[in-house]
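The lines below spell out each chain.
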Amino acid sequence: MRSQETDRVFQSLEEFRIEIPSWGFANTGTRFGKFTQAAAATTPEEKFSDAGQVHLLTGVCPTVALHVLWDLPEGIQNTDKVNKLAARYGIRPGSINPNLFQDQVYKYGSFGNPDLSIREQALRHVKESIEIAQHLNSRDISLWFADGSNYPGTANIRQRKRWFEEYLRTSHAALAPYQRMLVEYKPFEPAFYHTDLADWGMSLLMARAAGPRAKVLVDTGHHYLSQNIEQIVAWLLSENMLGGFHFNDRRYADDDLTMGSIDPYQVFRIFNEILFFERETGKRADIAYMIDQSHNLKNKIEAMIQTVVMAQQLYSKAALVDHKKLAEAQNDADLLGAESILQDAFATDVRPAIQEWRASKGMPTDPLNAFRESGYLLRITKERAARNAQSVSSYA
Ligand code: PSV
Ligand code: MN
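Residues numbered from 1 in each chain as written. Chains lettered and ligands numbered in written order. Predicted model: local features only at pLDDT ≥ 70, side-chain atom pairs only at ≥ 80, totals over all residues. Heavy atoms only, no water.

Undergrad: Explain empty space enclosed by the protein here, please?
TA: Following the criterion strictly, the structure yields 1 cavity of 30 Å³ or more and no others. Of the pockets and cavities examined, the largest cavity occupies roughly 40 Å³. Around the largest cavity, the lining residues are F25, Q37, A39, A40, A41, D50, N299, K300, I301, L377 and I380. Listed by contribution, the elements that provide at least two residues to the lining of the largest cavity are α10 (300–319) and α15 (376–395). Looking at the lining of the largest cavity residue by residue, the classes come out as 7 nonpolar, 2 polar and 2 charged. (1 Å grid on protein atoms, 1.4 Å probe; cavity = no way out; pocket = protein on both sides within 12 Å on 5 of 7 lines; lining within 4 Å. Points joined across faces, edges and corners; volume = space filled by probe spheres on them. Helix = DSSP H or I, 4+ residues; strand = E, 2+ residues; numbered from the N terminus. Nonpolar A, V, L, I, M, F, W, Y, C, P; charged D, E, K, R; others polar.)

Undergrad: Hey, could you run me through the pattern of salt bridges in this one?
TA: If the charged atoms of two oppositely charged side chains come close together, the side chains can form a pair. This structure, assessed with the given rule, holds 20 salt bridges. Between D286 and R180 there is a salt bridge, and its shortest N-O distance comes to 3.7 Å. A residue pair is termed long-range when its members are at least 10 positions apart, and D286 in the loop between α9 (264–281) and β10 (288–291) and R180 in strand β6 (residues 180–184) qualify at 106 residues. A relative accessible area of 42% means that D286 is categorised as partly exposed. The exposure class of R180 is buried, given its relative accessible area of 6%. Across the pair R372 and E302 runs a salt bridge whose closest N-O atoms are separated by 2.8 Å. In this pair, R372 is assigned in helix α14 (residues 367–374) and E302 in helix α10, connecting sequence segments 70 residues apart. Several salt bridges converge on common partners, so that one network encompasses E46, D50, R384 and R387. (Salt bridge = Lys/Arg side-chain N within 4 Å of Asp/Glu carboxyl O. Buried < 20%, exposed > 50% of the residue type's maximum accessible area, 1.4 Å probe, protein only.)

Such coordinate-based values are descriptive only and should not be taken to indicate function.
Written as structure tokens, this is what we have:
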């Protein structure tokens, strides 16, 4: 690799940070069952501890996304404890995720529920989550709605859209000036006929209706197969409406597989659109890069480290694209030239440069290996095994 390319990789690694999800360290399952792991995190303290390990070994995950119901079940009262955990484990609270899908009252929706008292309950929860975020000094409130219906004719789609506009606007009014609201979409599951916020266009309209600090969140798993996600990204960037990502990969639907494990070129193309935009406009896009994965089979901490390492590789490969040359080739309709600029960057082995960068920061050159040698997994497996085994029997 030429030294100019190494410089580009170094520069890209300096600017790239990615948030990891607390729920990625906990036991999760499929619709059919749950295979628990002896080392899985159960308490917020264990989640902070595990997330802290990922940051310690990679240096690029300074924040952890929290789900209010799972990590702060007593709401505001838990914020002091969470702030203490953050200080102890060296990783700050990141985006705050209200939970509008698990409570029994949300059987027929949250902001789209035909029952006014349930819509109001959902609003109270979002407002409380915003307040929690303020206590934790978190900027982003990340909203995902499971709202929808399973059978044609059972829901008033236009009425629900109006409720969403109204309740998102009211939620937005509760944000502090430094905060943002991210509106996520998903085409189906758990709803199988219609989902209220099913695609990026719906999230865009909702974010616009909510207010100036509402942006769209793109979860890469939340698209129909073969959808061109990088085009969605490019359009949202040009509208100044791209707020963040939930990265994961999938083969069929929202599979929550490891980022880049199925289609790394797609992630590269997404990063390429972002860097093209940034270099062309001369300004940094204000994007929260986040991982949204929960692994049932792989060890959770290892999978998270593997994901972060992959994210760095794909981001720095995209940074190798010469966007000036790319623009020229596009203008000249030099199709092969333009395409090979992307392909050459993608084919470049950036791993030695990344290792060099890690060494220059005093970080382990191979974070996964460093984790395996650290003894951390052995220790937490011993500490948590008995309790996790109990949770298997209580699950059945
Ligand atoms: C829903 O599938 C989702 O992508 C949302 O972001 C949730 O907050 C997250 O997964 C965890 O359930
Ligand atoms: Mn998500």
